[in-house]
Amino acid sequence: MGINIQAKTDYSYLFSGLGNGSSTGATSNFLADYASIKNGSYSKLMKAYYSESSNDSVKGLVNNSKVSQADKTVLNKVQTTTDALKESADILLENGSKSVFARKDITTTDENGEKTTAKGYDVDAIYKAVNSFVEDYNAVINAVNDSDNDTVISRTESLVNSSIANHKLLNKIGITINDDSTLSIDKDTFEKADMNTVKTLFNGNGSYGYRASAQASLINFAAERAASQNSIYTVGGTLNNTYNSGTLFDSWF
């Protein structure tokens, strides 16, 4: 991105190069230059924000941008738990021979001790996979309860609403929605349930499991973005993270 500052007085020209060539590369170069605030070029603006003479509205904006280490820890936990939820949901979404819903040779023994082998669902394996999903789902809900990020909370509400929309089918397989939005699973009810119903819920595009996986990704993205944005500045106006310094702003002040 080539800029001749001496020849231009309209600051909007600074951004005109972002549309030329590769947008990704241009944006990356601009952000690198923008990160030159780390070397002090941006100090005057920061002083204006933090000066004792600044008005209440300006200080309010600054205070709202402050994020404690505890908040960042919460966002990191949200990322960890949503990663786990997506993984457990994707296991249930698996198709083919690796699917937990793949029919196998199941041997049963009747009351007379006679054994019979037939194709059927491995109920134990399916229960284990669904139980892991429930545990990971609950971990996400508990992690988000400690977050005050609006986007993270909104995405999680969408996940909960998806559970509510499927509560009748979930109840049929022994899964209930608690008052705190977590899930509970009753093993006995689940093992007696129709595994075709379980498969309908958790396997296939558009299924409850598919939506849960997608929502987990969206919550994860929101938490990651919030943590990244909030880690740029400390209360003192310095950078927490290390960035490549550019030169765009070096001579402006």
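Provided above is the structure to which this section pertains.
Residues numbered from 1 in each chain as written. Predicted model: local features only at pLDDT ≥ 70, side-chain atom pairs only at ≥ 80, totals over all residues. Heavy atoms only, no water.

Enquirer: When you look at the packing of helix H5 (residues 123–144) against helix H6 (residues 150–165) in this model, what are you seeing that I'm missing?
Expert: Where H5 contacts H6, the two axes come as close as 11 Å, and the packing angle between them is 145°. For H5 against H6, the interelement crossing comes out left-handed. Between H5 and H6, the residues in contact are Tyr137, Ile141 and Val144 and Val152, Ile153, Thr156, Leu159, Val160 and Ser163, respectively. (Axes fitted to C-alpha atoms, helices over the stretch in contact; angles between N-to-C directions. Helix = DSSP H or I, 4+ residues; strand = E, 2+ residues; numbered from the N terminus. Left-handed = near helix turned anticlockwise from the far one by under 90°. Contact = heavy atoms within 4.5 Å.)

Enquirer: Is there a simple way to think about H6 in this case?
Expert: Side chains that are three or four residues apart share a direction in an α-helix, a result of its 3.6 residues per turn. Spanning 16 residues, H6 covers 22 Å between terminal C-alpha atoms, matching the ideal 22 Å at 1.5 Å per step. Within H6, burial applies to Val152, Thr156, Leu159, Val160, Ser162 and Ser163. Seen end-on, H6 carries its buried residues on one side only, within an arc spanning 150°. Residues of H6 that are exposed and point more than 90 degrees away from the buried face comprise Asp150 and Ala165. Sitting at the amino-terminal end of H6 is asparagine 149, which places a side-chain oxygen 3.1 Å from the backbone nitrogen of threonine 151. (Expected span 1.5 Å × (residues − 1). Buried < 20%, exposed > 50% of the residue type's maximum accessible area, 1.4 Å probe, protein only. Arc of directions from axis to C-beta. Polar contact = N/O pair within 3.5 Å; in protein donor to acceptor, adjacent residues only side chain to side chain.)

Enquirer: Please explain the packing of aromatic side chains as it appears in this structure.
Expert: One pair of aromatic rings is described through two measures. These are the centre distance and the angle between the planes. Taken as a whole and judged by the stated rule, the model has six aromatic pairs. Ring geometry for phenylalanine 101 versus tyrosine 121: centroids 6.5 Å apart, planes at 85°, classification edge-to-face. Linking phenylalanine 101 in the loop between helix H4 (69–93) and strand S1 (104–109) with tyrosine 121 in the loop between strand S2 (115–120) and H5, this pair joins segments that are 20 residues apart in sequence. In terms of burial, phenylalanine 101 and tyrosine 121 fall into one category: buried. Their ring planes at 75° and their centres at 5.7 Å tell us that phenylalanine 202 and tyrosine 208 sit as a pair that is edge-to-face. Like tyrosine 208, phenylalanine 202 is buried. Feature note: the residues Phe133, Tyr137, Phe202 and Tyr208 constitute an aromatic cluster, connected by ring pairs. (Phe/Tyr/Trp six-rings, centres within 6.5 Å; stacked < 30°, edge-to-face > 60°.)

Any functional reading would require information beyond the geometric quantities listed.
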